[in-house]
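A closer look at the structure
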Amino acid sequence: MAASDSGTDESLYPIAVLIDELKNEDVQLRLISIKKLSTIALALGVERTRSELIPFLTETIYDEDEVLLALAEQLGNFINLVGGGEFAHCLLPPLESLATVEETVVRDKAVASLRAVAAHHSPQALEQHFVPLVQRLAGGDWFTSRASACGLFSVCYPRVSAPVKAELREHFRSLCQDDTPMVRRAAAFKLGEFARVVEVEYVKSDLIPMFVNLAQDEQDSVRLLAAEACAAVAALLPPEDMEQLVMPTVRARAGDTSWRVRYMVADKFVELQQAVGPELARSDLAQIFQALLKDTEAEVRAAAAGKVKDFCMNLDKAHQEHIIMNMILPQIKDLVCDPNQHVKSALASVIMGLSPIVGRQNTIEHLLPLFLTQLKDECPEVRLNIISNLECVNEVIGIQQLVQSLLPAIVELAEDTKWRVRLAIIEHMPLLAGQLGQEFFDEKLTGLCMSWLIDHVYAIREAATLNLKKLVEQYGAPWAETNVIPKVLAMSREQNYLHRMTYLFCINVLSEVCGKDITTRVLLPTVLSMADDNVANVRFNVAKTLQKMAPYLDPAVIQPQVKPVLEKLNVDPDVDVKYFASEAIAGIAG
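Residues numbered from 1 in each chain as written. Predicted model: local features only at pLDDT ≥ 70, side-chain atom pairs only at ≥ 80, totals over all residues. Heavy atoms only, no water.

So, a negative patch on the surface
On the surface, Glu64, Asp65, Glu66, Glu102 and Glu103 cluster together into a patch of negative charge. Summarising the element assignment, Glu64 is placed in the loop between α4 (46-59) and α5 (65-75). (Patch = residues over 30% accessible without salt bridge, like charges linked within 9 Å, V, L, I, M, F, W, Y side chains within 5 Å. Areas by Shrake-Rupley, 256 points an atom, 1.4 Å probe, with all protein chains shown as cover. Salt bridge = Lys/Arg side-chain N within 4 Å of Asp/Glu carboxyl O. Lys, Arg positive; Asp, Glu negative; His and termini not counted. Charge placed at Lys NZ, Arg CZ, Asp CG, Glu CD. Helix = DSSP H or I, 4+ residues; strand = E, 2+ residues; numbered from the N terminus.)

Quick look at the pattern of salt bridges
Applying the stated criterion across every chain, the model contains 26 salt bridges. A salt bridge links Asp217 to Arg184; its shortest N-O distance comes to 2.5 Å. Of this pair, Asp217 sits in the loop between α13 (200-215) and α14 (220-236) while Arg184 sits in helix α12 (residues 181-197), and the two are 33 residues apart along the sequence. According to the relative accessible area criterion, Asp217 is buried, its value standing at 9%. Its relative accessible area of 8% is what places Arg184 among the buried residues. Here Glu412 ties to Arg383 by a salt bridge, and the two come within 3.8 Å at their closest N and O atoms. Linking Glu412 in helix α27 (residues 403-414) with Arg383 in helix α25 (residues 380-388), this pair joins segments that are 29 residues apart in sequence. On the accessibility criterion, Glu412 (46% relative accessible area) is partly exposed. Salt bridges sharing common partners tie together Arg169, Glu170, Arg173 and Asp206. (Buried < 20%, exposed > 50% of the residue type's maximum accessible area, 1.4 Å probe, protein only.)

Section: the UniProt feature "domain: Stalled ribosome sensor GCN1-like HEAT repeats region" (unreviewed entry) in the chain
UniProt marks residues 99-249 with the feature "domain: Stalled ribosome sensor GCN1-like HEAT repeats region" (unreviewed entry), using the numbering shown here. End C-alpha to end C-alpha, residues 99-249 measures 32 Å, and it is 77% helix and 0% strand. (UniProt positions renumbered as here; feature names shortened; annotations may be inferred.)

A closer look at the packing of aromatic side chains
In this structure the tally under the stated criterion is 13 aromatic pairs. Ring geometry for Phe172 against Phe194: centres 4.7 Å apart, planes inclined by 45 degrees, an arrangement best described as tilted. Taken together, the positions of Phe172 in helix α11 (residues 162-176) and Phe194 in helix α12 put the pair 22 residues apart, joining distant regions of the chain. Residue classification places Phe172 among the buried residues on the basis of a relative accessible area of 0%. Residue classification places Phe194 among the buried residues on the basis of a relative accessible area of 1%. Pairwise contacts between aromatic rings join Phe153, Tyr157, Phe172 and Phe194 into one cluster. In this structure, Arg50 packs its charged tip against the face of Phe87, placed 3.7 Å from the ring centre. One residue, Lys544, lies across the ring of Phe580, its end atom 4.9 Å from the ring centre. (Phe/Tyr/Trp six-rings, centres within 6.5 Å; stacked < 30°, edge-to-face > 60°. Lys NZ or Arg CZ within 6 Å of the ring centre and 35° of its normal.)

Some points on the packing of helix α23 (residues 341-351) against α25
Between α23 and α25, whose axes approach to 7 Å, the crossing angle comes to 5 degrees. When the axis of α23 is compared with that of α25, the two are roughly parallel. In this structure, α23 contributes Gln341, Lys344, Ser345, Ala348, Ser349 and Ile351 to the contact, and α25 contributes Glu381, Val382, Asn385 and Ile386. Here the residues of the contact of α23 with α25 sort into 4 nonpolar, 4 polar and 2 charged. (Axes fitted to C-alpha atoms, helices over the stretch in contact; angles between N-to-C directions. Parallel < 35°, antiparallel > 145°, perpendicular 65-115°, else oblique. Contact = heavy atoms within 4.5 Å. Nonpolar A, V, L, I, M, F, W, Y, C, P; charged D, E, K, R; others polar.)

Some thoughts on the packing of helix α17 (residues 259-267) against helix α20 (residues 298-305)
Two numbers describe how α17 lies on α20: the axes approach to 8 Å, and their chain directions differ by 5 degrees. It follows from the interaxial angle that α17 and α20 lie roughly parallel. Every residue of α20 that contacts α17 at Trp259, Arg262, Tyr263, Ala266 and Asp267 is listed here: Glu299, Val300, Ala303 and Ala304. Each residue belonging to the contact of α17 with α20 can be placed in one class, and the counts come to 6 nonpolar, no polar and 3 charged.

A short note on the environment of Arg360
Among the structural elements, Arg360 can be located in helix α24 (residues 355-375). Of the residues examined, Arg360 reaches a relative accessible area of 45% and is grouped as partly exposed. When the C-alpha atoms of Arg360 and Cys230 are compared, they prove to be 36 Å apart, with 130 residues separating the residues in sequence. In contact with Arg360, not counting residues within four places along its chain, are Val396 and Ile397.

What follows is the structure, encoded as structure tokens:
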């Protein structure tokens with residue numbers, strides 16, 4: 001008997017430890033305990049997890065949000081630990097409680113776990129256990145439970161019987177008409193998702209009226225989410241119903257008094273265009289888009305400007321050029337000179353993409369003057385976005401038309417006070433090199449590329465070394481030997497030790513692309529001479545560089561030239577130099 005008691009006590013030990021840790025005053029200990037739930041459940045076995053652990057967790061949901069969040073996440077992965085899908089309903093009580101707490105992050109995680117658990121229910125179990133839970137949450141006293149319920153309809157609706165489906169649609173309607181804006185907002189957010197699983201006849205008869213009401217809600221935060229659902233709802237309807245059921249709402253929201261709602265329409269415009277089809281896009285959406293491009297609010301204009309290329313690309317080919325040239329282009333001409341830099345920047349990031357759509361003649365006649373204007377814009381982001389997308393224009397008209405304006409813009413960006421702007425232009429140099437041609441590049445831009453190697457920001461110097469490597473890959477090793485390497489070698493004699501280190505970083509990347517002959521004959525001697533540098537950081541970088549160069553060197557120079565220098569560095573008074581020298585010796589030997 002004693003032995004039996006001892007065995008029982010031993011089997012209860014894991015849950016006893018859990019209870020102790022869950023009641024500990026230290027939040028971190030309670031959190032660690034929750035994260036170990038799966039281990040404890042394995043120790044207890046599926047039956048005791050269902051009969052003891054889950055009820056215990058259900059009763060103790062009164063903790064810090066951080067602990068509750070961890071618990072909600074853990075329970076979503078508990079299906080196998082309670083015995084599989086047959087017993088998935090055991091997990092519903094604690095998750096139901098978590099779905100009603102005040103903290104939004106916890107509720108969202110609980111809803112995500114409930115959705116995962118719902119997938120493991122059979123249709124019978126859904127009707128018996130899950131649907132009643134959704135109904136309880138939807139009819140809860142607190143808005144928190146009703147808001148959580150909105151995210152659960154779509155996961156159970158497809159697999160329940162017709163009478164239960166009718167009940168669920170009725171519950172969703174009541175949530176769409178809830179007194180609390182937060183609940184209506186949650187319903188509007190999930191409306192599109194729910195509509196995708198509802199039969200088309202009920203979308204028309206039940207969901208469209210809900211959608212129209214939400215889109216006319218007194219709260220703009222609800223209206224903007226309804227505007228977001230427009231595309232999802234439209235995609236489900238046949239073309240003949242679109243004009244009557246969806247377009248009035250689209251028109252109303254595109255002219256909404258709240259700029260946030262208009263912004264959402266602009267942001268989702270391309271999805272909406274794809275959903276309504278080419279005919280309505282031509283007859284209705286083009287005018288709406290035109291109005292959004294000249295909206296009074298800069299945020300709305302910026303959102304619409306960013307969609308110009310995609311909207312134009314998706315237009316019906318038969319009417320594409322006419323709509324672009326007569327409706328969109330006049331607005332673009334105004335936006336190029338917009339007082340707000342975010343609007344100009346958004347437009348600059350896509351305007352080049354119009355070239356392939358409108359063709360060579362229209363690009364030269366209408367778009368080229370706009371590109372040139374933007375290349376001279378006072379805002380660096382605008383100039384940078386134009387330069388970033390040069391390849392679109394290059395394919396249509398070639399880059400020569402832009403060269404005269406391009407060069408001053410590149411130089412200004414290269415010397416911009418914001419280092420991130422300088423970094424971005426460096427990253428586009430290889431592309432420019434390919435498009436401008438070697439002769440023009442040598443004359444105008446090689447000096448600029450070299451000046452970045454001595455920039456005061458490390459990220460710029462690092463990007464400049466990688467840029468050199470890409471240029472050598474493009475123009476070849478002979479070009480590097482004539483135009484780049486002499487200037488790089490001169491840096492090894494600079495007073496500033498950071499410049500000498502940048503020289504070594506350049507050698508690391510150039511040795512990969514210059515070939516064995518140039519690396520051994522031209523680059524190696526200077527690296528070896530720098531082993532006597534008076535700065536330890538330079539000396540240990542010599543060791544690192546020699547290790548990286550070794551695979552690209554003539555094997556005949558390793559023993560007589562490289563090894564003696566590394567052995568000398570291996571007895572250097574500086575501990576870091578010794579360490580990297582020994583690493584290099586081992587690396588080369590290996």
